[in-house]
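Secondary and tertiary structure notes
For reference, the chains in residue letters:
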Protein chains: 4
Amino acid sequence: MGLRDKAVVTCAVSGAVANKEQCPGIPYTPQEYAEEVRRARDAGASMVHIHARTPDGTPTVDPGHYAAITRAVLERTPDIIVNYSTGWVGLPMADRVGHITGLRPEVGALNMGSMNYAKYSPKRKGFVFGFVFENSFDDIIFLLRRMQEAGVKPECECFDVGHVESVEPLVDLGVLAPPIQFSLIHGVLGGIQATARNLAHMASVVPDGSTWGVIAVSREQWTMVGAAAALGGNVRVGFEDNFYLPSGEMATSNGELVEAAAQIVRLQGREVAEPDEARAILSLPAEPDRGAVTGEG
Amino acid sequence: MGLRDKAVVTCAVSGAVANKEQCPGIPYTPQEYAEEVRRARDAGASMVHIHARTPDGTPTVDPGHYAAITRAVLERTPDIIVNYSTGWVGLPMADRVGHITGLRPEVGALNMGSMNYAKYSPKRKGFVFGFVFENSFDDIIFLLRRMQEAGVKPECECFDVGHVESVEPLVDLGVLAPPIQFSLIHGVLGGIQATARNLAHMASVVPDGSTWGVIAVSREQWTMVGAAAALGGNVRVGFEDNFYLPSGEMATSNGELVEAAAQIVRLQGREVAEPDEARAILSLPAEPDRGAVTGEG
Amino acid sequence: MGLRDKAVVTCAVSGAVANKEQCPGIPYTPQEYAEEVRRARDAGASMVHIHARTPDGTPTVDPGHYAAITRAVLERTPDIIVNYSTGWVGLPMADRVGHITGLRPEVGALNMGSMNYAKYSPKRKGFVFGFVFENSFDDIIFLLRRMQEAGVKPECECFDVGHVESVEPLVDLGVLAPPIQFSLIHGVLGGIQATARNLAHMASVVPDGSTWGVIAVSREQWTMVGAAAALGGNVRVGFEDNFYLPSGEMATSNGELVEAAAQIVRLQGREVAEPDEARAILSLPAEPDRGAVTGEG
Amino acid sequence: MGLRDKAVVTCAVSGAVANKEQCPGIPYTPQEYAEEVRRARDAGASMVHIHARTPDGTPTVDPGHYAAITRAVLERTPDIIVNYSTGWVGLPMADRVGHITGLRPEVGALNMGSMNYAKYSPKRKGFVFGFVFENSFDDIIFLLRRMQEAGVKPECECFDVGHVESVEPLVDLGVLAPPIQFSLIHGVLGGIQATARNLAHMASVVPDGSTWGVIAVSREQWTMVGAAAALGGNVRVGFEDNFYLPSGEMATSNGELVEAAAQIVRLQGREVAEPDEARAILSLPAEPDRGAVTGEG
């Protein structure tokens, strides 16, 4: 079985929106992050996507909190690929990237376009929330340059077809270099919706040689994980995207969510990638440099 | 959860090509058929697709053997939907349909086009087998008329896009009536190959209001079951199509194969249809008339 | 030949970005608008999309200028369908819709989402322009309500797949009613790019029963008009979108651009819709109420 | 403008089914072939696809007639690419290829699969014709080997998705070498039907680096030429496929049909390839060896 048949499973363990009242399994403290990542790794994840929180659960971009969480995570799960978010509404760009440049994770995720970002409830006949999520080309270029300087691989988060196609000028400018790692996000109102056909098309515009994985919000995630597995892509699950198992029950840990994703992958005759395989698939250095976060090396 | 979220799982328990030496789980005797169908039903199948065999394993179209097998099956699994094959190379058409007209199963499958039907081995650098599988429009119309007279719902087995589109004149002639039940078969060399993109396209030409399920041969079947689950279709597994579990191990029973298919369906947040739900989905009468096979009613 | 085989050709005669120095054929004065629309109509257009200008060429949303232009247009071309833009960056929403509510054109176009709106030049290795084009759900709902009150049919301008899918909550809220008229815009950097495959996919998410046409910027427009004609859609050309004929020469009038579009439509065996046919296709009233603009009726 | 923007227009001047009573422009004598090819070449064709006829119009595979026709054609149109058919129902394979091996045209077309080949008339409520068109893998391999020995480039005529995918074992066996030239044929009942979406999908399974053109029968041809132009493919027209211009009038010569195809190509901003450009696009030798047919060289 070659690398083509391996799927990288990423776990987005906490997100920055929900809290323990809504979903008790969401980690707040470094220790909780470390336990959740361990569970995710045991269940088949090879990469963790981190939004930091202070120990009381407040989302933060503070590099100190990112460092504490990452150290705790790596102590229990030394081989995991570490991936930080830069998504944040209403903060200056410089603040959205300090933890990336300071701690140099292997991967940094960034949003590749602007969009309406909303949720509608047919039951309430109204919007649950809705705002313009601004990620201008200037901001994107700023983030990509900082990642390039820090030696951090960008993960290009795309909420629609045009976001994927927006990489072309960035490659031409030299701020982004193929092979590119894409996350194709489905199901946010304003962006592309969660259907297998949408994923098949969106994946078809990913440049040859680059890699892609699927992200989807709410329970439709499971359809999209199934579609991505069939289309040869990677997958992401975790409390950031969805609390519920395919059965409809709320998961008690990220490990349960990863376990379901791993089963989907395996039942289609593929395997989940171990971290070293995931690094090869994603064109990451075989040996991560953890010096900036551990203070060693 | 509405019917749209239910997937009909069909089990093709024996086929007519392989034998117990290749795969010990293939049933020969009525009793073995009955046990295999019971296992398939327990694991989530609501329809059984039958190619009959004599008790020594020889494939046959003899209505007597079909009757014996069906009676044994229904004794152990009274609620299963019974579906007979009409596929056979080198027999007069009348002989390919006698068990259908005589025993009136709920569903009769037929091939919707001609094609090269082959298997190639890159290892051996040669064809394992290869022939022209002839199913002319005249033959198709003959079969459809017999089924219509017998009150048997046709299952239109399509090996490529044009086979699906070939129903148009048949509907115009009145020998086939919507909603139509399609099986979209992937992976036979000469027909459409087994990729999620091919399935997405082939399903897109199925007329609105009709239903479709996927069939695929060899281990690629599992990718196609995953893709069909994501695209909203039904699925078929069983020793006729593939001996191997997603792990690569040979299955010991059809039940194991159905169990894997059911898990794929459930892990995407759908459920497997019970026989009464499957009858509703496929527009079959709610109460099957078993009189012709049981001699009662 | 039924209505299905007729394509509505719309002409966007001026736009609000370019000027006569770049393209001498762009109309400024009401008289020039009237002449350009007459040429477009003679060449096969049945709808005109208007951005108003003051007679010196300055773009304006002033209802007075819209009225003067529209009167001049209708005097020379009484049967044309009149369609006003509401697209404008940096103006309060109320100002973007005054000409719509005051003059009640048959159709009002509005943007269905937010996005990066940019142009990149590989030659210059830099962006020609780039900004965040904000069209929040609140703004969209505001415009739709005004149009609904004024009895103006909205044309939903979509720059990516998710914009098309954003109509769902709007229909649920009752501010938009099927059948919906979609314009699928391709080739703006930040939105979906101009390929036939992208158009085929984007058109596939348009709800059944609704209608769609293609808009594309720059010379790729001609490929997209060809693709739309083949896929059964309507088309738009005109100086707002592109100055150049398929040959690469700059057009001297909107009529030349419409003539090329009409030829593409006819060479594929379809016909261009006359205004009354276009009204039927787009579910507009058969008899337009011009009272608000002409002061009669 | 690079070769990517050039479309090869092929003209299939006569076919073997229709006659002058149905369509007076169909050529019978070598002189008529020569005149028709000249008209096609003048209108933009760079390749001619020939089915030979005796001077009274009877279709024939006789190499003598092929030679006479080809000599007459090349005398008037020395630079045209010559492409012979091998399609014939009910003849031994050896007879279907004698003109290819004897006269060594630049290109030889062959059918890549078996299928039902039929035409249905909704008006008459009946089939106009219908038969099983047999082209087994053995026959395909036989033809490919003869072409390979004769130095003739095969054109793989595919009537459905699986026919395109059937090249894989043939490449593995070494009887077919990439880049492969595909003709994607649409609209024959039994094969894939003539829609832009079908073409987009079928073209997507053509291996990278290979080339494809579209063939379609009846008036739907014009939609398919438009779709192929938009998707970047080559196109074929001519009396073999369709007698009627986009307007619905019967063409009086192949030149008129080619003229319409060339207009479609040019109106999308592409150009028709000259014969030397077509040879480069199709990976044919820059200088054709005409020795076998002219008796020189």
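Residues numbered from 1 in each chain as written. Chains lettered and ligands numbered in written order. Predicted model: local features only at pLDDT ≥ 70, side-chain atom pairs only at ≥ 80, totals over all residues. Heavy atoms only, no water.

**Quick look at the overall build of chain A**
For chain A, the count of helices and strands is eleven helices and twelve strands. Since a compact globule built from 297 residues should have a radius of gyration of about 19 Å, the 18 Å found for chain A is in line with a globular shape. Across its three principal directions, the C-alpha atoms of chain A cover 50 × 45 × 45 Å. Taking all contacts inside chain A whose residues are at least 6 apart in sequence as the whole, residues at least 24 apart take part in 70%. Carbon and sulfur atoms make up 50% of the accessible area of chain A, which totals about 10,500 Å². When the 25 positive and 36 negative side-chain charges of chain A are each reduced to one mean point, those points stand 4 Å apart. (Helix = DSSP H or I, 4+ residues; strand = E, 2+ residues; numbered from the N terminus. Rg over C-alpha atoms; globule rule 2.2 N^0.38 Å. Contact = heavy atoms within 4.5 Å. Areas by Shrake-Rupley, 256 points an atom, 1.4 Å probe, with all protein chains shown as cover. Lys, Arg positive; Asp, Glu negative; His and termini not counted. Charge placed at Lys NZ, Arg CZ, Asp CG, Glu CD.)

**What to know about the interface of chain B and chain A**
Contacts between the two partners involve 21 residues from chain B, matched on the other side by 21 residues from chain A. Around 1,600 Å² of area is buried between chain B and chain A when both sides are counted, 59% of it from carbon and sulfur atoms. Of all residues in chain B, the largest losses of buried area upon contact with chain A belong to Arg197, Leu267 and Gln268 of chain B, amounting jointly to 37% of the total for that side. At the junction of chain B with chain A, the criterion picks out zero salt bridges. Across the contact surface, chain B and chain A share two residue pairs in polar contact (both at pLDDT 80 or more). Broken down by secondary-structure element, the contributors of at least two residues to the side of chain B that touches chain A are α7 (196-204), α8 (221-231) and α9 (254-267) of chain B. Partitioning the side of chain B that touches chain A into residue classes produces eleven nonpolar, seven polar and three charged. (Buried area = accessible area lost by both parts, 1.4 Å probe. Salt bridge = Lys/Arg side-chain N within 4 Å of Asp/Glu carboxyl O. Polar contact = N/O pair within 3.5 Å; in protein donor to acceptor, adjacent residues only side chain to side chain. Nonpolar A, V, L, I, M, F, W, Y, C, P; charged D, E, K, R; others polar.)

**Re the interface of chain C and chain A**
The interface of chain C with chain A comprises 35 residues on the first partner and 35 residues on the second. In this structure, the connection of chain C to chain A is made through two salt bridges. Close ionic contact of lysine 125 of chain A with aspartate 172 of chain C constitutes a salt bridge, the shortest N to O distance being 3.5 Å. If you look at where chain C meets chain A, you find 16 residue pairs in polar contact (both at pLDDT 80 or more). Broken down by class, the residue content of the side of chain C that touches chain A amounts to 16 nonpolar, 13 polar and six charged.

**Quick look at the relation of the copies chain B and chain A**
Overlaying chain B on chain A yields an RMSD of 0.0 Å, the required transformation being a rotation through 180° with an accompanying axial translation of 0.0 Å. Expressed as a symmetry operation, the mapping of one chain copy onto the other fits a two-fold axis. Comparing interface residues between copies, 100% of those in chain B also sit at the interface in chain A, which points to an isologous, same-surface contact. (Least-squares fit on C-alpha atoms with pLDDT ≥ 70 in both.)

**Quick notes on the sheet that holds strand β3 (residues 47-50) of chain C**
Residues and elements named next belong to chain C. Strand order in the closed barrel formed by eight strands is β2-β3-β4-β5-β8-β9-β10-β11, with parallel pairing between adjacent strands. Within the sheet, the average angular offset between the axes of one strand and its neighbour, ignoring direction, is 25°. Both strand β10 (residues 211-216) and strand β11 (residues 234-237) contribute to a ladder of two bridges, which runs parallel. Paired with valine 214 across the strands is valine 235, a residue of β11. Seen against the sheet, helix α7 (residues 196-204) touches β8 (153-158), β9 (181-186) and β10 and runs at an angle of roughly 155° to β9. (Pairing = 2+ DSSP bridges. Axes fitted to C-alpha atoms, helices over the stretch in contact; angles between N-to-C directions.)

**Some points on the pairing of strand β7 (residues 126-133) of chain C**
Residue and element names in this part refer to chain C. Looking at chain direction, strand β6 (residues 115-121) and β7 are connected through seven bridges and run antiparallel. Along β7, the bridge assignment pairs serine 121 with glycine 126. Turn length for the β6-β7 hairpin, with the two strands adjacent in sequence and antiparallel, is four residues, and the turn residue lysine 125 shows positive phi of about 50°.

**A closer look at the relation of the copies chain C and chain A**
When chain C is fitted onto chain A, the two copies agree to an RMSD of 0.0 Å after a turn of 180° and an axial shift of 0.0 Å. Residue by residue, 100% of the interface of chain C is reproduced at the interface of chain A, so both copies engage with the same surface.

**Digging into the packing of helix α3 (residues 93-103) of chain D against helix α4 (residues 137-150) of chain D**
All names here are of chain D. Closest axis-to-axis distance for the α3/α4 pair is 10 Å, and the angle between their directions is 20°. On the basis of the axis angle, α3 is roughly parallel to α4. Every pair of crossing elements has a handedness; the one defined by α3 and α4 is right-handed. Facing α3, whose interface residues are Met93, Ala94, Arg96, Val97, Ile100 and Thr101, α4 presents Asp139, Phe142, Leu143, Arg146, Met147 and Ala150. Within the contact of α3 with α4, the residues separate by chemical class into eight nonpolar, one polar and three charged. (Parallel < 35°, antiparallel > 145°, perpendicular 65-115°, else oblique. Left-handed = near helix turned anticlockwise from the far one by under 90°.)

**Observations regarding the pattern of salt bridges**
Applying the stated criterion to the full structure yields 60 salt bridges over all chains. Ionic pairing is found between arginine 279 of chain C and glutamate 106 of chain C, a salt bridge with its closest N-O pair at 2.7 Å. With a gap of 173 residues between them, arginine 279 of chain C in helix α10 (residues 275-281) and glutamate 106 of chain C in the loop between α3 (93-103) and β5 (107-111) connect regions that are remote in the sequence. Between glutamate 149 of chain D and arginine 146 of chain D there is a salt bridge; the shortest N-O distance is 2.9 Å. Separated by three residues within a single helix, glutamate 149 of chain D and arginine 146 of chain D lie in helix α4, roughly one turn from each other. Note on glutamate 149 of chain D: relative accessible area 60%, which makes it exposed. The exposure class assigned to arginine 146 of chain D is partly exposed, which follows from its relative accessible area of 21%. Salt bridges here are not isolated pairs; linked through shared partners, they connect Glu157, Arg236, Glu240 and Asp241 of chain A. (Buried < 20%, exposed > 50% of the residue type's maximum accessible area, 1.4 Å probe, protein only.)

**Some details on unusual backbone geometry**
A negative phi angle is the norm for most residues apart from glycine, just as the trans form is the norm for most peptide bonds. Here proline 178 of chain B and proline 179 of chain B are connected by a cis peptide whose omega angle stands at -5°. Counting through the fold element by element, proline 179 of chain B comes out in the loop between α6 (167-173) and β9 (181-186). In this structure, lysine 125 of chain A is a non-glycine residue whose phi angle is positive, near 50°. By the element assignment, lysine 125 of chain A lies in the loop between β6 (115-121) and β7 (126-133).

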